[in-house]
Amino acid sequence: FPAGIDNIEDVSQLAVYPNPVVGQANLSYVLTNSTNVNASIYSVTGQMIKQVVNKRQIAGEYTYSIDVTDVSEGIYFLNIQIGNRNVVHKMVISK
């Protein structure tokens, strides 16, 4: 993850794994406060490929399994917006 990930006030233990991804990726995090969460996968051209979550969540631990079997091999970006903060995680999808 980019430097500064610990500066996101409302979230801790943010992880995206495995990378490279074959079949299924996992997104997990712990929210310390209630906040809006939006996570989506984008292609290198900026096209949204898949939305993972888009809702207000209460404090707690969350894990999402992301099925990417229908996504072509290549490099993608998982854009995670938590509250007013944004983190982009590079993903490599393999078959």
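Shown above is the structure to which this text applies.
Report on the accompanying structure. (Residues numbered from 1 in each chain as written. Predicted model: local features only at pLDDT ≥ 70, side-chain atom pairs only at ≥ 80, totals over all residues. Heavy atoms only, no water.)

### Remarks on the overall build of the chain
Formally: Secondary structure elements follow DSSP: runs of H or I no shorter than four residues count as helices, runs of E no shorter than two count as strands, and numbering proceeds from the N terminus. Radius of gyration: over C-alpha atoms. The globule rule applied is 2.2 Å multiplied by the number of residues raised to the 0.38 power. The rule is simple: take the accessible area with a 1.4 Å probe, protein chains only, and divide by the maximum for that residue type; under 20% is buried, over 50% is exposed, in between is partly exposed. Should any heavy atoms of two residues lie within 4.5 Å, those residues are considered in contact. Note on areas: Shrake-Rupley, 1.4 Å probe, and residue coverage restricted to the protein chains presented here. Positive: Lys, Arg. Negative: Asp, Glu. His and the chain ends are not part of the count. Where a charge lies is defined by one atom per residue type, namely NZ (Lys), CZ (Arg), CG (Asp) and CD (Glu).
A tally of helices and strands in the chain yields zero helices and eight strands. Secondary structure of the chain in N-to-C order comes out as β-β-β-β-β-β-β-β. The C-alpha atoms of the chain give a radius of gyration of 13 Å, which matches the 12 Å a tight globule of 95 residues would have. The proportion of buried residues among the 95 residues of the chain is 38%. Restricting the contact set of the chain to residue pairs at least 6 apart, pairs at least 24 apart contribute 52%. Of the roughly 5400 Å² that the chain leaves accessible, carbon and sulfur atoms contribute 46%. When the 6 positive and 7 negative side-chain charges of the chain are each reduced to one mean point, those points stand 5 Å apart.

### Points about the nonpolar core
Heads up, the condition is: As used in this record, nonpolar core signifies buried Ala, Val, Leu, Ile, Met, Phe, Trp, Tyr and Cys residues forming a set joined through side-chain atoms within 4.5 Å.
Ranked by size, the top nonpolar core spans 25 residues in total, and within it Leu27, Tyr29, Ile41, Val52, Leu78 and Ile80 carry the most contacts. Of all the secondary-structure elements, those providing two or more residues to this core are β1 (11-17), β3 (24-31), β4 (35-43), β5 (48-57), β6 (60-67), β7 (74-82) and β8 (85-94). When neighbours within four sequence positions are excluded, Tyr29 is seen to be in contact with Val11, Ser12, Gln13, Leu14, Val37, Val53, Gln57, Gly60, Glu61, Tyr62 and Tyr64.

### Here's the deal with the pattern of salt bridges
Worth spelling out the cut-off: A carboxyl oxygen of Asp or Glu within 4 Å of a side-chain nitrogen of Lys or Arg is what we treat as a salt bridge.
On inspection of all chains with the given rule, the structure shows one salt bridge. One salt bridge connects Asp70 with Lys50, and the closest N-O pair in it is separated by 3.2 Å. You can see Asp70 sitting in the loop between β6 and β7 and its partner Lys50 sitting in strand β5, a full 20 residues away along the chain. In this structure Asp70 comes out as exposed when scored by relative accessible area, which is 58%.

### Structural notes on the sheet that holds β3
Put simply, the rule is: Only strands that DSSP links by at least two bridges are regarded as paired with each other. Axis angles are defined between N-to-C directions and span 0 to 180 degrees, where every axis is a line fitted to C-alpha atoms and, for a helix, only to the segment in contact.
The three strands are arranged β1-β3-β6 in an open sheet whose pairing can be described as antiparallel. Sheet topology places β1 and β6 at the edges, where each strand pairs with a single neighbour. The mean inter-strand angle of the sheet, taken between neighbouring strand axes irrespective of direction, is 10°. Two elements, β1 and β3, share five bridges in a ladder whose sense is antiparallel. Considered in β3, the bridge of Ser12 is made with Val30.

### Comments concerning the environment of Asp70
To keep it simple, the criterion reads: Under the rule applied, a polar contact is a pair of N or O atoms within 3.5 Å (in protein, one hydrogen donor and one hydrogen acceptor; residues adjacent in sequence only if both atoms are side-chain atoms).
For the pair Asp70 and Ile49, spaced 21 residues apart in sequence, the C-alpha to C-alpha distance is 10.0 Å. Not counting residues within four places of it along the chain, the set of residues in contact with Asp70 comprises Lys50 and Lys95. Polar contacts involving the side chain of Asp70 include one to the side chain of Lys50, which spans 3.2 Å.

### So, the sheet that holds β7
Taken in spatial order, the five strands make up an open sheet running β2-β8-β7-β4-β5, and their pairing is mixed. Each having just a single partner strand, β2 (21-22) and β5 make up the two edges of the open sheet. Across nine bridges, β7 lies against β8 in antiparallel orientation. Following the sheet pairing, Gln81 is matched in β8 by Asn86.

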